[in-house]
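Here's the letter readout for the chains.
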Amino acid sequence: MSKKKISLDYSTSVLMRRLMKEGIRPYIGMVLLAVTCMAVSAGSTAMYAWLMDPIINKIFVARKAEYLWPLAVTIITTFAAKGVADYGEAVLLSRVGLRVISDMQNRLFARLMDLDVAYFHANQSGKLMSRLTNDVNAMRFAVSNALTGAGKDASSVLFLVGLMFYQDWVLSALTFFVFPLAVLPIRKLGRRMRKVTANTQEQTGLLATYLNQAIQGIRVVKAYGMEDYEKSKVRSLVESLYDLTYKAARVRSASSPIMEMLGGVAITVVIVYGGSQVISSADTDPDRAGAFFSFITALMLAYKPMKALASLNTNLQEGLAAAARCFEVIDAHAGIAERPDAAELVVREGNVRLEGVFFTYDGIKAALDGVTLDVPGGKTVALVGPSGAGKTTILNLLPRFYDVTDGRVLVDGQDAREVSLTSLRAKIALVSQEITLFDDTIRANIAYGRFGATEAEIEDAARMAAAHDFIMGLPNGYDTIVGERGLNLSGGQRQRLAIARAMLKNAPILLLDEATSALDTESERQVQFALEQLMKGRTTIVIAHRLSTVVGADLIHVMDRGRVVETGDHNALMEQGGLYARLYAMQFAEETQRAEPQGWPA
Ligand code: ADP
């Protein structure tokens, strides 16, 4: 396969730098303002602790009345400043955090839309959805925690510790001897946290994929009586998710008691040593009591931000694991890309040619094993052959959902890889078996891919696709909402909408994957009529399941195991008496048995 797996560096430092550069930098003004608020808030906190000194010494010990009011005003001002700063910081940080998420969501989705089909085959939908929901949220907390930690908590600690050293450096040195001991176990916890949460997000993605499948496929689940099976499968996923989340919660909780214990030890040391100092120097140094109170207040106030700083790493790792998963999507390499100098595809006759095409999905098994075939412009060419022969693969290669492993796909002599993707895809209409309708109006669904279409054009397309009458019969006509996955419409109606959509696109090349599921005779007739209208004057490659399509095709390529084994029209192939004749005979036998038209063996 042409796709290289690039291994990327998602270490903590790289992730932090990328988050700063790609996430936060556009909001640097707001961040700086928030940091200013944090500094004010941290300064006010230190101010409280400092105020304890004059409160104790001037008011309680010396009983000086002239200090009472000035101190009262200072206290109120300090609290007010802290309140305003805290508010400003919280609002600004929320705003930055939310902007970072929204930008990330937009980037992720934009990236996903540009990635090729192979990427979506390799990555389950739930996993991708969980990137845009769970992971970005986890990132937001990492970003705001990191900012708060780096800004407010760190500066509070800095101010308070400064004050402590100013008040009593011996006591401070003693206290801080204990804290470094806490760092080691906490760093270890951070590493464990990152591992556990990575698994949690993996499982969450799996669960989302699973739920999606079970809910989307509810009819199959019920038809096959698999409710209990699905329940037990989801239950085991939910249980393993519970185990992981619980483990993460335990790891997270462990950092708190470690700090708690160390805090207790520190405070005890301070009270015993400081208390004895105050008692012994009561006569020589009466101001000692104030300094001691100021010190102990600073220590108590420093406790909370220190604890937050200690658990910062654990929280951060959780967010960084999420960020790594998001960046993985953003950095994913699109195998199908346009050349910078790509020309516009020009379609004249609409001849399509595959020349010596080899293709493999997995790099092991060849899905196409040297296919050369011609589709003359304006003609209808049917691909027939047993299942797995490579028919769908041919349809996938034309709009470059995948690129050939070797050989060329030519449209009027132009290599599909050398023209711009937009111009190539604009010239190709695809009507596949799985009809995708969006939860929007009938009108929007028909005009999907041609938003500029006028009312009249949309109605014309619907008329030609034999859809106008049933649309007019719907409660709101063209404005009827289809409903998620078009559940309100019959199979034949959905097919005709898809045909109308292709009709409106009016591309010269039509790729048709005929539905295998049997419709009732009336629907079948209408769909057939709509298809005939659509195929008129276009180069059509059809994976044919209906006998009438096969017999009526200008040319038939019979495929088997990745090769074209026979080519000709119906009569010529019947005369040859090869695979086609055998398939036809099988079909004929089945039909006379059942006495009603069935599909061509796929
Ligand atoms: P047909 O349409 O004739 O039934 P396909 O073109 O779908 O056949 O498949 C050709 C071969 O490629 C089969 O062997 C099939 O298993 C394989 N194949 C099809 N799609 C994929 C895929 N997404 N990943 C891996 N193998 C695939």
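Anyway, here's the lowdown on the structure attached to this text. Note that the coordinates shown come from a computational prediction; the quantities given were computed from them, not determined experimentally.

The rules behind these values
Residues numbered from 1 in each chain as written. Predicted model: local features only at pLDDT ≥ 70, side-chain atom pairs only at ≥ 80, totals over all residues. Heavy atoms only, no water. Pairing = 2+ DSSP bridges. Helix = DSSP H or I, 4+ residues; strand = E, 2+ residues; numbered from the N terminus. Axes fitted to C-alpha atoms, helices over the stretch in contact; angles between N-to-C directions. Contact = heavy atoms within 4.5 Å. Phe/Tyr/Trp six-rings, centres within 6.5 Å; stacked < 30°, edge-to-face > 60°. Buried < 20%, exposed > 50% of the residue type's maximum accessible area, 1.4 Å probe, protein only.

## Side note on the sheet that holds strand S4 (residues 406-411)
Right, on to step 1. Strand order in the open sheet formed by four strands is S2-S1-S4-S5, with antiparallel pairing between adjacent strands. Strands at the two margins of the open sheet, each flanked by one partner only, are strand S2 (366-375) and strand S5 (414-415).
Right, on to step 2. By the bridge criterion, seven bridges tie strand S1 (residues 352-360) to S2 in an arrangement that is antiparallel. Looking across to S2, one finds that Phe359 is bridged to Leu368.

## A word on the sheet that holds strand S9 (residues 555-560)
Right, on to step 1. Judged by pairing direction, the sheet is mixed, and its six strands sit side by side in the order S6-S7-S8-S3-S9-S10 without closing on themselves. Two strands bound the open sheet, and with one partner strand each, they are strand S6 (428-431) and strand S10 (563-568). Going across the sheet, the axis of each strand differs from the next one's by a mean of 20°, ignoring polarity.
Right, on to step 2. Examined bridge by bridge, S6 and strand S7 (residues 509-513) share four bridges and lie parallel to one another. Note on S7: the bridge partner recorded for Val431 is Leu512.
Right, on to step 3. Its contacts with the sheet put helix H17 (residues 521-535) on strand S3 (380-384), S6, S7 and strand S8 (539-543), and the angle it makes with S7 is roughly 155°.

## Topic: the packing of aromatic side chains
Right, on to step 1. Under the defined criterion, the tally for this structure stands at ten aromatic pairs.
Right, on to step 2. Considering the side-chain rings of Phe292 and Phe293, the 6.5 Å spacing of their centres and the 75° angle between planes classify their relative orientation as edge-to-face.
Right, on to step 3. Overall, Phe292 belongs to the buried group, its relative accessible area being 15%.
Right, on to step 4. Accessibility expressed as a relative area gives 39% for Phe293, which makes it partly exposed.
Right, on to step 5. Residues Tyr580 and Tyr584 carry aromatic rings whose centres are separated by 6.4 Å and whose planes lie at 20° to one another, so their mutual orientation is stacked. With Tyr580 and Tyr584 both in helix H20 (residues 579-594) and four residues apart, this pair spans about one turn of that helix. One exposure class covers both Tyr580 and Tyr584, and it is buried.

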